[in-house]
Amino acid sequence: TTLFSRSSSTDSMFKKFTKDDVHTRTNGKASVSKTLKSKLVTQYPKLEEYIDEIIPKKVPVSLFKCEDKIQLYVVDNQVLFYQQFDDLIPALRVVHKYPEAFPRVQVDRGAIKFVLSGANIMCPGLTSAGANLPDEDWPIDKIVTVYAEGKESAMAVGKLAMSIHDIKTINKNTGIELYEYLGDGLWHFKTD
């Protein structure tokens, strides 16, 4: 049984991301920071106590518009969040600093090499021994951070391709569409 898909259409968002993918860069006004903070706290309520630490007052937020309608939000040359269409998605460096602020799932040990090569996560990698899903039923399209059995830090960020209930009961096909993973183009991206 194949647990992970490998076709190029399922590659993570930043697998081959480079500086060449950035089209424009603008420094945001104070209103951009304020709107961004508000959206982030709405989407990730547990971020509220850290939001002024993550996006300090009087520090401009730069906006990088990239290929495929991806927008990067950058503070002090660090990509903090990115967006494609509606959701604001935390960059892994932010997840590592504030792990308790984001929804979390865990894959089994066998999934690690596939996730770190940018493959989407199939349901069996989320339901087998060593994996861990929340008890509550999260909806399709929820942004989640991905941890691995026996590892302390998140290794990826993605979006649920089906609800937690369906991942557990159907237990086949893609469970999480991968956006970003340790060592991908965004992880290595330098803004300066």
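These lines cover the structure that appears in this document, whether it is placed above or below. (Residues numbered from 1 in each chain as written. Predicted model: local features only at pLDDT ≥ 70, side-chain atom pairs only at ≥ 80, totals over all residues. Heavy atoms only, no water.)

1. As for the sheet that holds strand β8 (residues 143-148)
Here we have 5 strands laid out as an open sheet, ordered β6-β8-β9-β10-β7, and mixed in their pairing. The open sheet has two free edges, formed respectively by β6 (104-107) and β7 (121-122), since each of these has just one partner strand. With 4 bridges joining them, β8 and strand β9 (residues 156-160) adopt antiparallel strand pairing. If you follow V146 over to β9, its bridge partner there is A156. (Pairing = 2+ DSSP bridges. Helix = DSSP H or I, 4+ residues; strand = E, 2+ residues; numbered from the N terminus.)

2. A word on unusual backbone geometry
For F85, which is not glycine, the phi dihedral falls at a positive 70 degrees. By the secondary structure assignment, F85 is in the loop between β4 (78-84) and β5 (88-90). Within the chain, D141 stands out as a residue other than glycine whose phi angle is a positive 75 degrees. In this fold, D141 is placed in the loop between α5 (124-127) and β8. A relative accessible area of 40% means that D141 is categorised as partly exposed. (Buried < 20%, exposed > 50% of the residue type's maximum accessible area, 1.4 Å probe, protein only.)

3. Some details on the pairing of strand β2 (residues 62-66)
Of all 5 residues in β2, 4 are buried, a share of seventy percent or more. Bridge count for strand β1 (residues 22-27) against β2 is 5 bridges, and the pairing is antiparallel. Each residue of the ladder has a partner; that of R25, found in β2, is F64. As paired elements, β2 and strand β3 (residues 70-75) share 4 bridges and run antiparallel to each other. The partner of S62 across the bridge, within β3, is V74.

4. Here we look at the nonpolar core
Buried together is how nonpolar side chains tend to be arranged in soluble globular proteins. L40, I54, L72, F81, Y82 and F102 are the most contacted members of the largest nonpolar core, which totals 42 residues. The element that contributes the greatest number of residues to this core is β3, accounting for 5 residues. Discounting chain neighbours no more than four positions away, the residues touching I54 are L47, V75, L80, F81, V94 and Y98. Judged by nonpolar contacts, the second largest core, of 22 residues, contains V105, L133, V146 and A148. (Core = buried A, V, L, I, M, F, W, Y, C linked by side-chain atoms within 4.5 Å. Contact = heavy atoms within 4.5 Å.)

5. Some thoughts on the side chain of T191
As for its position among the elements, T191 is in the segment after α7 (185-188). A polar contact is formed between the side chain of T191 and the side chain of N77, at a distance of 2.9 Å. Leave out the neighbours within four places in its chain, and T191 touches R25, F64, V74, N77 and V79. (Polar contact = N/O pair within 3.5 Å; in protein donor to acceptor, adjacent residues only side chain to side chain.)

6. Remarks on the pairing of β8
Of all 6 residues that make up β8, 6 are buried, and the element is covered over most of its length. Across the two faces of β8 the burial is the same, with I143, T145 and Y147 and V144, V146 and A148 all buried. Pairing geometry for β6 and β8, over 4 bridges, is parallel. Among the inter-strand pairings, Q106 is bridged to a residue of β8, identified as Y147.

7. A short note on the sheet that holds β2
Across the sheet, 5 strands lie side by side as β1-β2-β3-β4-β5; this open sheet has antiparallel pairing. Edge strands, defined here as strands with exactly one partner in the open sheet, are β1 and β5. Put simply, the sheet's adjacent strands are angled 25 degrees from each other on average, direction ignored. Each of β3, β4 and β5 touches helix α1 (residues 30-43); the most contacted strand, β5, lies at about 75 degrees to it. (Axes fitted to C-alpha atoms, helices over the stretch in contact; angles between N-to-C directions.)

8. So, the pattern of salt bridges
In total, this model carries 3 salt bridges according to the counting rule given. Across the salt bridge formed by D141 and K159, the nearest N and O atoms sit 3.6 Å from each other. Taken as a pair, D141 in the loop between α5 and β8 and K159 in strand β9 lie far apart in primary sequence, 18 residues in all. For K159, a relative accessible area of 17% gives the class buried. Overlapping salt bridges bring together K37, D52 and K57 as one network. (Salt bridge = Lys/Arg side-chain N within 4 Å of Asp/Glu carboxyl O.)

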